[in-house]
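Each chain, written out:
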Amino acid sequence: MRVIPYNPKYKNDFIEMNKAWISEMFAMEPEDERELGNIEPYVEKGGQIFFALDEEEKVMACCMIAPREDGDWEIMKFAARGMYTGTGAGSACLKACIDYAKELCLPKIIIVSNRMCTHAVHLYQKFGFEEIPVDKERFPFKRANIAFEMML
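Residues numbered from 1 in each chain as written. Predicted model: local features only at pLDDT ≥ 70, side-chain atom pairs only at ≥ 80, totals over all residues. Heavy atoms only, no water.

S.K.: What am I meant to see in the sheet that holds strand 6 (residues 130–132) here?
M.R.: Remark on secondary structure: sheet strands pair via backbone hydrogen bonds, oriented parallel or antiparallel. One open sheet accounts for 7 strands, arranged 1-2-3-4-5-7-6; its pairing is mixed. In this open sheet, the two edge strands, each paired with only one partner strand, are strand 1 (2–5) and strand 6. The sheet shows a mean angle of 30 degrees between the axes of neighbouring strands, direction not considered. Relative to strand 5 (residues 108–113), strand 4 (residues 73–80) runs parallel, the two being bridged by 2 bridges. The residue of strand 5 that forms the bridge with I75 is I111. Helix 1 (residues 11–25) rests against strand 2 (48–53), strand 3 (59–67) and strand 4 of the sheet, and its axis sits at about 80 degrees to strand 4. The strands touched by helix 5 (residues 118–126) are strand 4, strand 5 and strand 7 (146–151); relative to strand 7, the strand with the most contacts, the crossing angle is about 20 degrees. (Pairing = 2+ DSSP bridges. Helix = DSSP H or I, 4+ residues; strand = E, 2+ residues; numbered from the N terminus. Axes fitted to C-alpha atoms, helices over the stretch in contact; angles between N-to-C directions. Contact = heavy atoms within 4.5 Å.)

S.K.: Even after reading the chapter, I still don't get the nonpolar core, so can you show me in this structure?
M.R.: The tendency in soluble globular proteins is for nonpolar side chains to be buried side by side. I65, I75, L94, I109, Y124, F129 and F148 are the most contacted members of the largest nonpolar core, which has 30 residues in total. Listing elements by their share of this core, those giving two or more residues are strand 2, strand 3, strand 4, helix 4 (89–103), strand 5, helix 5 and strand 7. Broken down by element, this core gets its largest block of residues, 8 residues, from helix 4. What F129 contacts, discounting residues up to four positions off in sequence, is I98, I109, I111, Y124, F148, E149 and M150. In this structure, Y6, F14, M17 and I39 belong to the second largest nonpolar core, which totals 18 residues. (Core = buried A, V, L, I, M, F, W, Y, C linked by side-chain atoms within 4.5 Å. Buried < 20%, exposed > 50% of the residue type's maximum accessible area, 1.4 Å probe, protein only.)

S.K.: Can you help me understand the environment of E131 in this one?
M.R.: Of note, E131 is situated in strand 6. The exposure class of E131 is partly exposed, given its relative accessible area of 45%. Separated by 87 residues in sequence, E131 and E44 have C-alpha atoms that sit 29 Å apart. Apart from residues no more than four positions distant in its own chain, E131 is found in contact with R115, I146, A147 and F148. Here R115 takes part through its side chain, which lies 2.8 Å from a polar atom of the side chain of E131. (Polar contact = N/O pair within 3.5 Å; in protein donor to acceptor, adjacent residues only side chain to side chain.)

S.K.: Sorry if this is basic, but what is going on with helix 1 here?
M.R.: Helical geometry: 3.6 residues make up each α-helical turn, so side chains three or four residues apart lie on a common side. For helix 1, built from 15 residues, the straight-helix expectation of 21 Å at 1.5 Å per residue is met to within 8% by its first-to-last C-alpha distance of 22 Å. Within the span of helix 1, buried status applies to F14, I15, M17, N18 and I22. (Expected span 1.5 Å × (residues − 1).)

S.K.: Looking at this structure, how should I read the side chain of N114?
M.R.: By secondary structure assignment, the location of N114 is in the loop between strand 5 and helix 5. Reaching out from N114, the side chain makes a polar contact with the backbone nitrogen of M116 at a distance of 2.7 Å. Setting aside residues up to four positions removed in sequence, N114 forms contacts with F26, V121, R143, N145 and I146.

S.K.: Which parts of the structure should I look at to understand the side chain of D72?
M.R.: By the element assignment, D72 lies in the loop between strand 3 and strand 4. Ignoring any residue separated from it by four or fewer positions in sequence, one finds D72 in contact with A66, P67, K108, I110 and R138.

S.K.: It is not clear to me how helix 4 should be interpreted in this structure. Could you clarify?
M.R.: Between its first and last C-alpha atoms helix 4 spans 21 Å; for 15 residues at 1.5 Å apiece the expected length is 21 Å, and the two agree. Those residues of helix 4 that fall on the buried side of the exposure criterion are A89, G90, C93, L94, A96, C97, I98, Y100 and A101. Directly beyond the C-terminal end of helix 4, a positive phi value near 60 degrees is found at C105.

Here it is as C-alpha coordinates:
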(Lines give C-alpha, C1' and ligand atoms only; values in the text may rest on other atoms or scores of the structure.)
Protein backbone atom coordinates (compact mmCIF):
# COMPACT_ATOMS: atom_id res chain seq x y z
CA MET A 1 0.00 0.00 0.00
CA ARG A 2 1.13 3.53 -0.71
CA VAL A 3 -0.45 6.93 -0.01
CA ILE A 4 -0.45 9.60 -2.71
CA PRO A 5 -1.77 13.17 -2.93
CA TYR A 6 -4.66 14.14 -5.20
CA ASN A 7 -4.60 12.84 -8.72
CA PRO A 8 -7.61 13.64 -10.94
CA LYS A 9 -7.67 10.06 -12.23
CA TYR A 10 -8.97 8.99 -8.79
CA LYS A 11 -11.61 11.73 -8.52
CA ASN A 12 -14.51 9.40 -9.33
CA ASP A 13 -13.29 6.87 -6.76
CA PHE A 14 -13.32 9.65 -4.15
CA ILE A 15 -16.86 10.70 -5.07
CA GLU A 16 -18.30 7.18 -5.33
CA MET A 17 -16.69 5.90 -2.13
CA ASN A 18 -18.05 8.82 -0.13
CA LYS A 19 -21.51 8.63 -1.69
CA ALA A 20 -21.59 4.90 -0.92
CA TRP A 21 -20.89 5.13 2.81
CA ILE A 22 -23.08 8.20 3.31
CA SER A 23 -26.02 6.61 1.46
CA GLU A 24 -25.54 3.29 3.26
CA MET A 25 -25.58 4.78 6.76
CA PHE A 26 -27.52 8.03 6.33
CA ALA A 27 -28.78 10.04 3.34
CA MET A 28 -26.96 12.34 0.97
CA GLU A 29 -27.56 15.95 1.95
CA PRO A 30 -27.29 19.13 -0.16
CA GLU A 31 -23.97 19.96 1.53
CA ASP A 32 -22.60 16.52 0.50
CA GLU A 33 -23.59 17.16 -3.10
CA ARG A 34 -22.01 20.62 -2.98
CA GLU A 35 -18.73 19.35 -1.53
CA LEU A 36 -18.42 16.28 -3.76
CA GLY A 37 -19.36 18.28 -6.84
CA ASN A 38 -16.66 20.89 -6.21
CA ILE A 39 -13.47 19.02 -5.37
CA GLU A 40 -11.04 21.08 -7.46
CA PRO A 41 -11.77 24.42 -5.70
CA TYR A 42 -10.81 22.82 -2.38
CA VAL A 43 -7.50 21.67 -3.85
CA GLU A 44 -6.94 25.03 -5.56
CA LYS A 45 -7.35 26.76 -2.17
CA GLY A 46 -4.58 24.62 -0.70
CA GLY A 47 -6.61 21.61 0.38
CA GLN A 48 -5.49 18.09 -0.37
CA ILE A 49 -6.98 14.65 -0.90
CA PHE A 50 -4.92 11.61 -0.04
CA PHE A 51 -5.50 8.18 -1.53
CA ALA A 52 -4.26 4.84 -0.24
CA LEU A 53 -3.59 2.57 -3.21
CA ASP A 54 -3.05 -1.17 -3.26
CA GLU A 55 -0.39 -2.93 -5.33
CA GLU A 56 -2.68 -2.83 -8.38
CA GLU A 57 -3.21 0.96 -8.04
CA LYS A 58 -6.81 0.51 -6.83
CA VAL A 59 -8.07 3.03 -4.28
CA MET A 60 -8.42 1.47 -0.84
CA ALA A 61 -9.27 4.63 1.12
CA CYS A 62 -9.31 8.40 0.76
CA CYS A 63 -9.49 11.48 2.94
CA MET A 64 -9.65 15.22 2.25
CA ILE A 65 -8.36 18.11 4.31
CA ALA A 66 -9.51 21.54 3.20
CA PRO A 67 -9.84 25.12 4.37
CA ARG A 68 -13.28 26.27 5.46
CA GLU A 69 -14.70 29.69 4.68
CA ASP A 70 -14.40 30.60 8.38
CA GLY A 71 -10.62 30.04 8.35
CA ASP A 72 -10.54 26.65 10.08
CA TRP A 73 -9.28 23.54 8.30
CA GLU A 74 -11.43 20.42 8.29
CA ILE A 75 -10.81 16.75 7.67
CA MET A 76 -13.75 15.74 5.53
CA LYS A 77 -15.05 13.08 3.17
CA PHE A 78 -13.12 10.22 4.71
CA ALA A 79 -13.92 6.80 3.23
CA ALA A 80 -12.57 3.27 2.81
CA ARG A 81 -13.79 0.56 0.47
CA GLY A 82 -15.52 -2.14 2.49
CA MET A 83 -13.10 -4.87 1.47
CA TYR A 84 -10.21 -2.74 2.79
CA THR A 85 -11.73 -1.93 6.17
CA GLY A 86 -9.28 -2.85 8.90
CA THR A 87 -6.22 -2.86 6.62
CA GLY A 88 -4.81 0.44 7.90
CA ALA A 89 -5.57 2.25 4.63
CA GLY A 90 -7.94 4.70 6.30
CA SER A 91 -5.47 5.36 9.11
CA ALA A 92 -2.74 6.03 6.55
CA CYS A 93 -4.91 8.60 4.76
CA LEU A 94 -5.88 10.30 8.02
CA LYS A 95 -2.22 10.44 9.08
CA ALA A 96 -1.32 11.97 5.70
CA CYS A 97 -3.92 14.71 6.29
CA ILE A 98 -2.57 15.41 9.78
CA ASP A 99 1.02 15.51 8.49
CA TYR A 100 -0.08 17.88 5.70
CA ALA A 101 -1.70 20.19 8.27
CA LYS A 102 1.52 20.20 10.29
CA GLU A 103 3.54 21.04 7.15
CA LEU A 104 1.22 24.03 6.62
CA CYS A 105 1.77 25.05 10.27
CA LEU A 106 -1.98 25.10 10.91
CA PRO A 107 -2.93 25.79 14.54
CA LYS A 108 -5.64 23.11 14.57
CA ILE A 109 -7.82 20.85 12.45
CA ILE A 110 -11.44 19.85 13.00
CA ILE A 111 -13.65 16.88 12.12
CA VAL A 112 -17.43 16.53 12.29
CA SER A 113 -18.94 13.05 12.33
CA ASN A 114 -21.71 10.88 13.73
CA ARG A 115 -21.52 8.65 16.80
CA MET A 116 -22.83 5.74 14.69
CA CYS A 117 -19.52 5.82 12.78
CA THR A 118 -17.88 3.98 15.67
CA HIS A 119 -14.73 2.93 13.78
CA ALA A 120 -14.09 6.49 12.61
CA VAL A 121 -14.79 8.00 16.04
CA HIS A 122 -12.40 5.50 17.64
CA LEU A 123 -9.77 6.32 15.00
CA TYR A 124 -10.06 10.06 15.64
CA GLN A 125 -9.64 9.52 19.37
CA LYS A 126 -6.69 7.17 18.78
CA PHE A 127 -4.95 9.89 16.75
CA GLY A 128 -5.45 12.41 19.55
CA PHE A 129 -8.49 14.40 18.46
CA GLU A 130 -10.51 15.77 21.36
CA GLU A 131 -14.28 16.05 21.37
CA ILE A 132 -15.75 19.56 21.14
CA PRO A 133 -19.39 20.77 20.93
CA VAL A 134 -21.03 20.51 17.50
CA ASP A 135 -21.77 23.95 16.07
CA LYS A 136 -24.85 23.35 13.89
CA GLU A 137 -24.54 26.83 12.37
CA ARG A 138 -21.12 25.99 10.95
CA PHE A 139 -21.89 22.33 10.24
CA PRO A 140 -25.42 22.04 8.82
CA PHE A 141 -25.39 18.26 8.29
CA LYS A 142 -28.37 16.54 9.91
CA ARG A 143 -26.13 13.57 10.75
CA ALA A 144 -23.47 15.71 12.51
CA ASN A 145 -23.75 14.86 16.22
CA ILE A 146 -20.09 14.75 17.29
CA ALA A 147 -17.14 17.02 16.52
CA PHE A 148 -13.42 16.89 17.24
CA GLU A 149 -10.41 19.13 17.05
CA MET A 150 -6.70 18.56 17.18
CA MET A 151 -4.39 21.33 18.26
CA LEU A 152 -1.19 21.12 16.24
